[in-house]
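So the chains spell out like this:
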Amino acid sequence: MIHIYSGETISFDINYKKRKSMGIYIDLYGNIEVQAPKGTPVECVLQLLEEKWDWVQQKSKEMKDRMRGPVEKVYDHGENFLYLGNSYPIQIFQDINIKKDHAVLEGDKLHIYVKQLEDEKIKQALKRFYYQQCKALVEKSIQSYQSNFKIKPRSIRISDSSRTWGTCDSNLQLTFNWKLAMAPMKVIDYVVVHEMCHMVHLNHDRSFWRLVGKIIPDYKELENWLALSSWKMTV
């Protein structure tokens, strides 16, 4: 079915089931389905969609964008990059007198200072920014949650891994992906706690997940954020 509301159009399906209430479900492709009790008038379904209109539009767009995958970045004024879950446009400055290319968050923009206006130079300056910020954010998070553990990590490193957000080895070395700096702080906290829990339980057994849940009760929501949003965390 198609419904127009506030000048916008959405397509959706109605699935009548043996249930007590209506619910809206959006699949990984952005397709919208309303599940409703048998005999529910279409007018009631449309009313529910209108009440949840902004949420439905946003979630459907997020899913469709995710399926399309990351868009190749343009290293020019106004291109947006994530930091702590928020999007910031970059502004580029050329200065041949600076000691080292670098990026810094100033107000609502990411300012990038480079000696040469080359895409690769700008990209590397951004990556250094994320490496530095990730290290500082992870260390802050570890300090905040250390009281939950009797042992401490022996070392902390930031990596360029394309497979994991974090690891903990048998020597208690914690390693984190630099792209974590793009995620909201509560997501960073979850990944940090996840790896700190591996200092106690190296495997993902029940005891491990009980410990994670005790410290971060909503960890499944944060895992879901990473699953749905990681494709946007690019430089």
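Parameters at a glance
Residues numbered from 1 in each chain as written. Predicted model: local features only at pLDDT ≥ 70, side-chain atom pairs only at ≥ 80, totals over all residues. Heavy atoms only, no water. Helix = DSSP H or I, 4+ residues; strand = E, 2+ residues; numbered from the N terminus. Buried < 20%, exposed > 50% of the residue type's maximum accessible area, 1.4 Å probe, protein only. Polar contact = N/O pair within 3.5 Å; in protein donor to acceptor, adjacent residues only side chain to side chain. Contact = heavy atoms within 4.5 Å. Phe/Tyr/Trp six-rings, centres within 6.5 Å; stacked < 30°, edge-to-face > 60°. Lys NZ or Arg CZ within 6 Å of the ring centre and 35° of its normal.

**What about the side chain of Asn177?**
As for its position among the elements, Asn177 is in strand β11 (residues 173–177). Overall, the relative accessible area of 5% leaves Asn177 in the buried class. Engagement of the side chain of Asn177 in a polar contact is seen with the backbone oxygen of Ser161, the distance being 2.6 Å. Polar contacts involving the side chain of Asn177 include one to the main-chain amide nitrogen of Lys179, which spans 2.9 Å. Excluding its chain neighbours within four sequence positions, the residues that come into contact with Asn177 are Cys134, Ile158, Ser159, Ser161, Thr164 and Trp165.

**Describing the packing of aromatic side chains**
All told, the structure shown has 11 aromatic pairs when counted by the stated rule. Their ring planes at 15 degrees and their centres at 5.9 Å tell us that Tyr131 and Trp178 sit as a pair that is stacked. Highlighted residues: Tyr131 in helix α3 (residues 119–145) and Trp178 in the loop between β11 and α4 (185–197), separated in sequence by 47 residues. On the accessibility criterion, Trp178 (3% relative accessible area) is buried. Residues Phe208 and Trp209 carry aromatic rings whose centres are separated by 4.9 Å and whose planes lie at 80 degrees to one another, so their mutual orientation is edge-to-face. Grouped by ring-pair contacts, the aromatic residues Tyr83, Tyr88, Phe129, Tyr130, Tyr131 and Trp178 constitute a single cluster. Taking the ring centre of Phe81 as reference, the NZ or CZ of Lys73 above it sits at 4.6 Å.

**Overview of the environment of Leu82**
Of note, Leu82 is situated in strand β5 (residues 80–83). Leu82 gets classed as buried once you look at its relative accessible area, which sits at 16%. Considering only alpha carbons, one finds Leu82 and Pro184, 102 residues apart in sequence, at a separation of 9.4 Å. The contact partners of Leu82, leaving out residues within four places of it in the chain, are Ser87, Tyr130, Met182, Lys232 and Met233.

Functional significance is not addressed by these values, which are geometric in nature.
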